[in-house]
Amino acid sequence: MNRKRLYKKYISDVALDISCDDAFREKLAAAPYGMRFEVSAKTASQCEYLREAFERGLVYYVTKVHADQIREKFDEGLVIFKFTASEYTDVVKYTGNNFGDYKLR
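If you're wondering where the values come from, they're calculated on a predicted model, not measured in any experiment.

## Concerning the overall build of the chain
In terms of regular secondary structure, the chain is built from 3 helices and 4 strands. Radius of gyration (C-alpha) of the chain: 13 Å, near the 13 Å computed for a compact globule of 105 residues. In the chain, which comprises 105 residues, the proportion classed as buried is 40%. Here the chain displays about 6600 Å² of accessible surface, and carbon together with sulfur accounts for 46% of that area. Across the chain, the centroid of the 18 positively charged side chains sits 6 Å from that of the 16 negatively charged ones.

What follows is the structure, given as structure tokens:
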């Protein structure tokens with residue numbers, strides 16, 4: 001399987017697991033919009049379900065973005081995370097996240 005297909009195969013799992021991971025949620029809540037964080041074996045080793053993707057050397061980025069910067073629609077009030085494959089900027093996944101009591105920057 002070529003690398004791009006591997007990135008596509010795992011991006012939904014990465015987006016789901018990282019969106020639910022307390023450590024990444026705290027980082028993203030505190031970060032300004034547009035700040036990019038690496039998602040890889042060295043930064044997300046606590047995410048057991050992503051081990052297979054990381055064993056293949058895949059690296060993704062996650063960024064908090066404004067809803068008006070994307071085409072996809074999410075419910076009002078959700079915080080949008082953008083996930084991108086490090087090697088293929090056209091492999092993208094968005095998630096809508098409810099931050100409740102988190103202080104957003």
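That shown, we press on.
## Here's the deal with the sheet that holds strand β2 (residues 60-65)
A sheet is described by the order of its strands in space; here 4 strands give the open sequence β1-β2-β3-β4, paired in antiparallel fashion. The open sheet has two free edges, formed respectively by β1 (36-39) and β4 (92-97), since each of these has just one partner strand. On average, each strand axis in the sheet is tilted by 25° relative to the strand beside it, whichever way the strands run. Note that β2 and strand β3 (residues 79-85) share 6 bridges and pair antiparallel. Residue pairing in the sheet places Lys64 in a bridge with Phe81 of β3.

## Notes on the packing of helix α1 (residues 3-20) against helix α2 (residues 22-30)
The contact between α1 and α2 brings their axes to 5 Å, and the two run at 75°. On the basis of the axis angle, α1 is roughly perpendicular to α2. For the pair α1 and α2, the contacting residues are Ile18, Ser19 and Cys20 in the first and Asp22, Phe24 and Arg25 in the second. Split into classes, the residues belonging to the contact of α1 with α2 amount to 3 nonpolar, 1 polar and 2 charged.

## Concerning the pairing of β4
Where β3 lies against β4, 6 bridges are found, and the strand directions are antiparallel. Across the sheet, the residue bridging to Phe83 is Lys93, located in β4. Where β3 hands over to β4, the hairpin turn is made up of 6 residues, counted between the paired strands.

The rules behind each value
Residues numbered from 1 in each chain as written. Predicted model: local features only at pLDDT ≥ 70, side-chain atom pairs only at ≥ 80, totals over all residues. Heavy atoms only, no water. Helix = DSSP H or I, 4+ residues; strand = E, 2+ residues; numbered from the N terminus. Rg over C-alpha atoms; globule rule 2.2 N^0.38 Å. Buried < 20%, exposed > 50% of the residue type's maximum accessible area, 1.4 Å probe, protein only. Areas by Shrake-Rupley, 256 points an atom, 1.4 Å probe, with all protein chains shown as cover. Lys, Arg positive; Asp, Glu negative; His and termini not counted. Charge placed at Lys NZ, Arg CZ, Asp CG, Glu CD. Pairing = 2+ DSSP bridges. Axes fitted to C-alpha atoms, helices over the stretch in contact; angles between N-to-C directions. Parallel < 35°, antiparallel > 145°, perpendicular 65-115°, else oblique. Contact = heavy atoms within 4.5 Å. Nonpolar A, V, L, I, M, F, W, Y, C, P; charged D, E, K, R; others polar.

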